[in-house]
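For reference, the chains in residue letters:
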Amino acid sequence: MLPPTKLALLGSLLIGLAVNPVQAAEREQVRIVVNLMAAVKMPYPENLFRNLAKTERVWLEHEGAATVACVRHEDRRWCYEHIPAVGNRAEMLRIRNEAPGIFVGALFYYMVDYDLDGLVDVGSTTKIEGPPRAPIAHVIEFFHRSTGRGDQFKADFQKMYDQGIDIALKYLGE
């Protein structure tokens, strides 16, 4: 028979595992997307304008400052930016979920994972409003994990981040 303290510790551990389901993309999946971005050469051949590939473009910014990849999926464009750690700047993965153009009512989403742990650190939703001749971009949702701003949007941004990781794993390079 286990002593009461060990039994209580075991019980609290089991309850903690049951209450905290895995909700974020796994760290390995995020790293796979980053490595896939660096490995893919798109579009290929480069001068073929009638390209039907889902991956629109992958490019390396000047002196390795960032690797950027964009994928078309359904009626949206998903762009991924891997920015390596330099000095005090953290390594990060930024994901943008964009409308096919700028028009009134269009929504643009932006999520950042600073430490590639699979959890969204910053997220924002921008809605295009105003008259069609002079549209205005208005941030309607904002989330910042470390300050607790916009915690009510945390689950929505995390779900979209996980969806972006899944799309990259399925379609990047296709």
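Structure shown above.
Everything numeric in this text was worked out from a predicted model, so none of it was measured.

The rules behind these values
Residues numbered from 1 in each chain as written. Predicted model: local features only at pLDDT ≥ 70, side-chain atom pairs only at ≥ 80, totals over all residues. Heavy atoms only, no water. Helix = DSSP H or I, 4+ residues; strand = E, 2+ residues; numbered from the N terminus. Buried < 20%, exposed > 50% of the residue type's maximum accessible area, 1.4 Å probe, protein only. Pairing = 2+ DSSP bridges. Axes fitted to C-alpha atoms, helices over the stretch in contact; angles between N-to-C directions. Contact = heavy atoms within 4.5 Å.

Draft legend 1. Broad picture of unusual backbone geometry. Of note, Glu 74 is a non-glycine position whose phi angle comes to about 55°, a positive value. Tracing the backbone through its elements, the reader meets Glu 74 in the loop between strand 2 (67-73) and strand 3 (76-83). Of the residues examined, Glu 74 reaches a relative accessible area of 72% and is grouped as exposed. At Leu 116, a position not held by glycine, the phi torsion is positive, near 55°. Considering the arrangement of structural elements, one finds Leu 116 in the loop between strand 5 (107-113) and strand 6 (122-129). For Leu 116, a relative accessible area of 3% corresponds to the buried category.

Draft legend 2. Main features of the sheet that holds strand 3. Spatially, the seven strands line up as an open sheet ordered 1-2-3-4-5-6-7, and their pairing is antiparallel. Because the sheet does not close on itself, it has two edges, and the strands there are strand 1 (55-60) and strand 7 (136-144). This sheet shows a mean twist of 15° between the axes of neighbouring strands, independent of strand direction. With six bridges connecting them, strand 5 and strand 6 associate as antiparallel partners. Bridge assignment links Tyr 109 to a residue of strand 6, and that residue is Thr 125. Running over the sheet, helix 3 (residues 154-171) touches strand 1, strand 2, strand 3, strand 4 (92-98), strand 5, strand 6 and strand 7 and is turned about 90° from strand 3.

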